[in-house]
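Tertiary structure, described
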Amino acid sequence: MRKRLFLLSLLSVLTFGMKAADYDYLVFTLTDGTTQSIAATGTSISYSDGTLTATNGTSTVTIPLTSIAKMAFSDDPGTTSIVSIDADALSMDTSAIVYDLQGRQVPKEQLHPGIYIVKTGTKAYKIAVR
């Protein structure tokens, strides 16, 4: 029943003329509240054995259909997406302010491997320093 409802909602979105080209990302909201996203350009979606696979040539997202609560095109990859970045590349962005997960500001030169919140002039996102 859930699969049928999901496919019906997907078909209705396609029927009403939403174009993936108008958006940068295809974002999946999962039943546990997390999100996964993939760049929308060139993305193809397939279903097999209760699993959705979205691929765009460089990235692939595979999710059990029962785990998908919502799927939508967006200009934002999702508030919970994590961007992997080299700490040296981050130090080049003079406008970026880095916070640890406790909300404390961290000097960009002192980042250890882990998850951080980065705020720039127009965006905020999570990064994983490795």
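Residues numbered from 1 in each chain as written. Predicted model: local features only at pLDDT ≥ 70, side-chain atom pairs only at ≥ 80, totals over all residues. Heavy atoms only, no water.

Once that is clear, we can look at the overall build of the protein chain. The helix and strand tally for the protein chain stands at two helices and eleven strands. Traced from its N-terminal end to its C-terminal end, the protein chain shows the element sequence α-β-β-β-β-β-β-β-α-β-β-β-β. Within the protein chain, buried positions represent 25% of all 130 residues. Summarising the internal contacts of the protein chain: among those between residues at least 6 apart in sequence, 46% fall at separations of at least 24. Entry remark: accessible area of the protein chain is about 8600 Å², with carbon and sulfur atoms responsible for 55%. (Helix = DSSP H or I, 4+ residues; strand = E, 2+ residues; numbered from the N terminus. Buried < 20%, exposed > 50% of the residue type's maximum accessible area, 1.4 Å probe, protein only. Contact = heavy atoms within 4.5 Å. Areas by Shrake-Rupley, 256 points an atom, 1.4 Å probe, with all protein chains shown as cover.)

For the protein chain, the average pLDDT comes to 76, and 70% of its residues sit at 70 or higher. Looking across the protein chain, the model is least confident in strand E7 (residues 82–85), with a mean pLDDT of 54, and most confident in strand E9 (residues 105–106), with 92. (pLDDT = per-residue confidence, 0-100.)

Glancing now at the sheet that holds strand E4 (residues 51–55). Judged by pairing direction, the sheet is antiparallel, and its three strands sit side by side in the order E3-E4-E5 without closing on themselves. The open sheet has two edge strands, strand E3 (44–48) and strand E5 (60–64), and neither has a second partner. Going from strand to strand, the sheet's axes swing by 15° on average, the running direction of each strand aside. As defined by bridge partners, E3 adjoins E4 across five bridges and the pair is classed as antiparallel. Across the sheet, the residue bridging to Ser46 is Thr53, located in E4. (Pairing = 2+ DSSP bridges. Axes fitted to C-alpha atoms, helices over the stretch in contact; angles between N-to-C directions.)

Turning to a negative patch on the surface, a few remarks are in order. On the surface, Asp22, Asp24, Asp75 and Asp76 cluster together into a patch of negative charge. Mapped onto the secondary structure, Asp75 falls in the loop between strand E6 (68–74) and E7. Overall, Asp75 belongs to the partly exposed group, its relative accessible area being 48%. (Patch = residues over 30% accessible without salt bridge, like charges linked within 9 Å, V, L, I, M, F, W, Y side chains within 5 Å. Salt bridge = Lys/Arg side-chain N within 4 Å of Asp/Glu carboxyl O. Lys, Arg positive; Asp, Glu negative; His and termini not counted. Charge placed at Lys NZ, Arg CZ, Asp CG, Glu CD.)

Right, let's talk about the side chain of Lys108 for a bit. Inspection of the secondary structure puts Lys108 in the loop between E9 and strand E10 (114–119). For Lys108, a relative accessible area of 15% puts it in the buried group. A polar atom in the side chain of Lys108 sits 3.3 Å from the backbone oxygen of Ala96. (Polar contact = N/O pair within 3.5 Å; in protein donor to acceptor, adjacent residues only side chain to side chain.)

Take the sheet that holds strand E2 (residues 35–39) next. Strand order in the open sheet formed by three strands is E2-E1-E6, and the pairing between neighbours is antiparallel. Each edge of the open sheet carries a strand with a single partner, namely E2 and E6. On average, each strand axis in the sheet is inclined to that of its neighbour by 20°, with strand direction left out of account. One ladder, built from five bridges, connects strand E1 (residues 25–30) with E2; its direction is antiparallel. By the bridge assignment for E2, Tyr25 is matched with Ala39.

Within the fold, Ala124 resides in strand E11 (residues 124–129). Separated by 26 residues in sequence, Ala124 and Val98 have C-alpha atoms that sit 9.6 Å apart. The residues touching Ala124, leaving out its near neighbours within four places in the chain, are Val118 and Lys119.

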